[in-house]
Amino acid sequence: MAQLWGGRFTKETDQLVYNFNASITFDQKFYKQDIEGSIAHVVMLGKQGILTKEEMQKIVKCLDEIRSDVERGKLEISAEYEDIHSFVEATLINRLADVGKKLHTGRSRNDQVALDMRLYTRLEILHMDELLEELLKVLLKIMEEHIQTIMPGFTHLQKAQPITLAHHMGAYFEMFKRDRERLYDIFKRMNYCPLGSGALAGTTYPLDRDYTAELMGFFGPTLNSMDGVSDRDYLIEFLSALSTIMMHLSRFSEEIIIWNSNEYQFVELDDAYSTGSSIMPQKKNPDIAELVRGKTGRVYGALMSLLTTMKGIPLAYNKDMQEDKELAFDAMDTVKGCVALFTGMLSTMKFNQDIMEKSSKNGFTNATDAADYLVNHGVPFRDAHGIVGQIVLYCVDKNIAIDDMSIEELKAISPVFEEDVYEAVSMETCVNKRLTIGAPGKEAMEQVIALERKYLEESCDRLWFDLGENMLDIVEDV
Ligand code: ARG
């Protein structure tokens, strides 16, 4: 057991209590952020004359060594310490003796952990944004290639009207685009620095909070020290955004599972992205899509867990908040893995265009257009609806499509039909007549693709751009 706060205690902590309380097994995940925050803090203490320049330089150099030693496996993060903050400070003191003891001047673990978690989450937001960008690029490529690939669009999982594969993929493009916009919004709200909030009421040292914030690429310091140490809204927002990403991935997975089934055969998953059965030799299973769908619940769980943890916590810091980490880390890793795998699966998936097109023909997806044809020839819509209903019944009985009926058969049901009906209800016409923006018609689709392409170009790297000086430069400068 190694802890920082033995002074006022006369008895050793019970081992079970110690284990229950300790967080090092999981908060070591942000050792880099902990060290980065400490470096910024110490550089500021030096600038303010709270530490001498020499002390500051020694501590910064040593912290940087600790970081690179951990990184290179030379220094093992020992579970003997209560948390990552204690480990880093103890190692510093071990290496620098008395000078190391000055690191924690004007700081509490409360603002320290608030900072570490924010720095870690901020980086995760950036990584997630990049992964979504890759996914959007793959979607855009499929859209560009399949403006003319006709497939049935569904409502109630029943064939409804013909659309194109580009149009279907475009729906997911919009979803993941919104997901990225959500991340961008969260970033703008969360990029403020809680360091300097102290335990809850700030400190009596003349800290320069603007300066530490700037060193770490924050827009500025948080404006209330009680809120600074106890705000986890940004994490709840991020988990909520992650949950929405998973909801989208899960819907998409469900479609791919259906499309990949023997009954549909709209798509074929690449061998590298499917799995076999131990007993049934013919099987090629969509396990990746199923796992993505399955892991969605786990990510929702993290969101519910943190919302519930936070709901009863009075100001300011309470130990309950240590529970923000494990499930959040798990959710972040899970979603990163899911988006990356899904992108790979999608980019290698084969679309069976012929089967898709045939399927749209077999399902009376042009029934609405047949009714519209009648309306254009003066038949009131409600009557047209009834006439086409009769036609469908006739076709079902004969097991044919509307286009397969002869003009005599059509005229027998309504004399309004002429030869030009075949052109009017062809799949190509049905799709390409739908030309309002957002519809699957070729020209509308081309306009949207151009807009989405522009969006991808403009949104690229916009989060990285806002980040401040790299910590490595700071270390070199001191
Ligand atoms: N492990 C703690 C956490 O994750 C660090 C902060 C501890 N602060 C304290 N006053 N005990 O929240």
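As a reminder, the structure under discussion sits directly above these lines.
Structural notes, computed from the coordinates. Numbering of residues begins from 1 in every chain and follows the order in which that chain's sequence is written. Under the rules for a predicted model, residues below a pLDDT of 70 receive no local features and side-chain atom pairs below 80 are neither given nor counted, while totals for whole chains, interfaces and linings still include all residues. Excluding hydrogens and water, the side-chain values take into account all heavy atoms of the structure.

## What to know about helix α13 (residues 353-362)
Helical periodicity: at 3.6 residues per turn, an α-helix aligns residues three or four positions apart in one direction. Within the sequence span of α13, burial applies to M356, S359 and S360. Projected down its long axis, α13 carries its buried residues within an arc of 100°, all on one side. Set apart from the buried face of α13 by more than 90 degrees, the exposed residues are D354, K358 and N362. Throughout, a residue-residue contact means that at least one pair of heavy atoms, one from each residue, lies within 4.5 Å. Numbering goes from the N terminus for both helices and strands, where a helix is a DSSP run of H or I of at least four residues and a strand is a run of E of at least two. In this structure, the buried side of α13 is in contact with β1 (150-155), β2 (158-164), α7 (165-190), β5 (267-268), β6 (350-351) and α18 (427-432). Count one or two residues on from α13 and you reach F364, which has phi positive near 55°. Residue exposure (1.4 Å probe, protein chains only): buried if accessible area is under 20% of the type maximum, exposed if over 50%, otherwise partly exposed. The arc in question is the one spanned by the directions pointing from the helix axis to the C-beta atoms.

## Let's talk about a negative patch on the surface
Residues enter patches when they are more than 30% accessible in relative terms and free of salt bridges; like-charged ones are connected within 9 Å and nonpolar ones (Val, Leu, Ile, Met, Phe, Trp, Tyr) within 5 Å. Here the open area of atoms and residues is found with the Shrake-Rupley method and a 1.4 Å probe, where only the protein chains shown may cover a residue. Salt bridge, as used here, is a side-chain nitrogen of Lys or Arg placed within 4 Å of a carboxyl oxygen of Asp or Glu. Charge assignment in this entry is limited to Lys and Arg as positive and Asp and Glu as negative, and neither His nor the chain termini are counted. Taken as the charge centre is NZ of Lys, CZ of Arg, CG of Asp or CD of Glu, depending on the residue. On the surface, E408, E419, D420, E423 and E428 cluster together into a negatively charged patch. As for its placement among the helices and strands, E428 is situated in helix α18.

## Notes on the packing of aromatic side chains
Any Phe, Tyr or Trp ring, taking Trp's six-membered ring, that has another such ring centre within 6.5 Å forms a pair; planes under 30 degrees apart are called stacked, those over 60 apart edge-to-face, and the others tilted. Applying the stated criterion to the full structure yields 12 aromatic pairs. For the pair Y373 and F417, a centre-to-centre distance of 5.7 Å together with 10° between the ring planes defines the contact as stacked. With Y373 in helix α14 (residues 367-376) and F417 in the loop between α16 (407-413) and α17 (421-424), this pair connects stretches of sequence that are 44 residues apart. Just as Y373 is buried, F417 falls in that class too. By way of ring pairs, the aromatic residues F154, W259, Y264 and F266 are connected into one cluster.

## Considering the site of the ligand
When we say a residue is near a molecule or strand, we mean one of its heavy atoms is within 4 Å of it. If you check the shell around the ligand, you find S23, H85, R109, N110, V113, Y317, Q322 and K325 and nothing else. Polar contacts, as used here, are pairs of N or O atoms within 3.5 Å; protein pairs need one atom able to donate a hydrogen and one able to accept it. Residues neighboring in sequence count only if both atoms are side-chain atoms. One of the side-chain nitrogen or oxygen atoms of Q322 is found 2.7 Å away from a nitrogen atom of the ligand. K325 is positioned with one of its side-chain polar atoms (N or O) 2.4 Å from an oxygen atom of the ligand. Summarising the interface, the protein chains cover 86% of the accessible area of the ligand, which totals 340 Å² for the free molecule.

## Comments concerning helix α5 (residues 84-96)
Helix span, expected: 1.5 Å multiplied by one less than the number of residues in the helix. In this model α5 runs 18 Å from its N-terminal to its C-terminal C-alpha over 13 residues, within 8% of the 18 Å that 1.5 Å per residue would give. All buried positions along α5 are accounted for by I84, H85, S86, F87, V88, E89, A90, T91 and L92. Buried residues along α5 sit in contact with α2 (24-27), α3 (31-47), α4 (53-71) and α6 (109-145).

## Quick word on the pairing of β2
For two strands to be treated as a pair, DSSP must find no fewer than two bridges joining them. As paired elements, β1 and β2 share six bridges and run antiparallel to each other. From the neighbouring strand, P152 faces β2, where its bridge partner is P162. Where β1 folds back on β2, the antiparallel hairpin that results is connected by two residues, among which H156 adopts a positive phi of roughly 55°.

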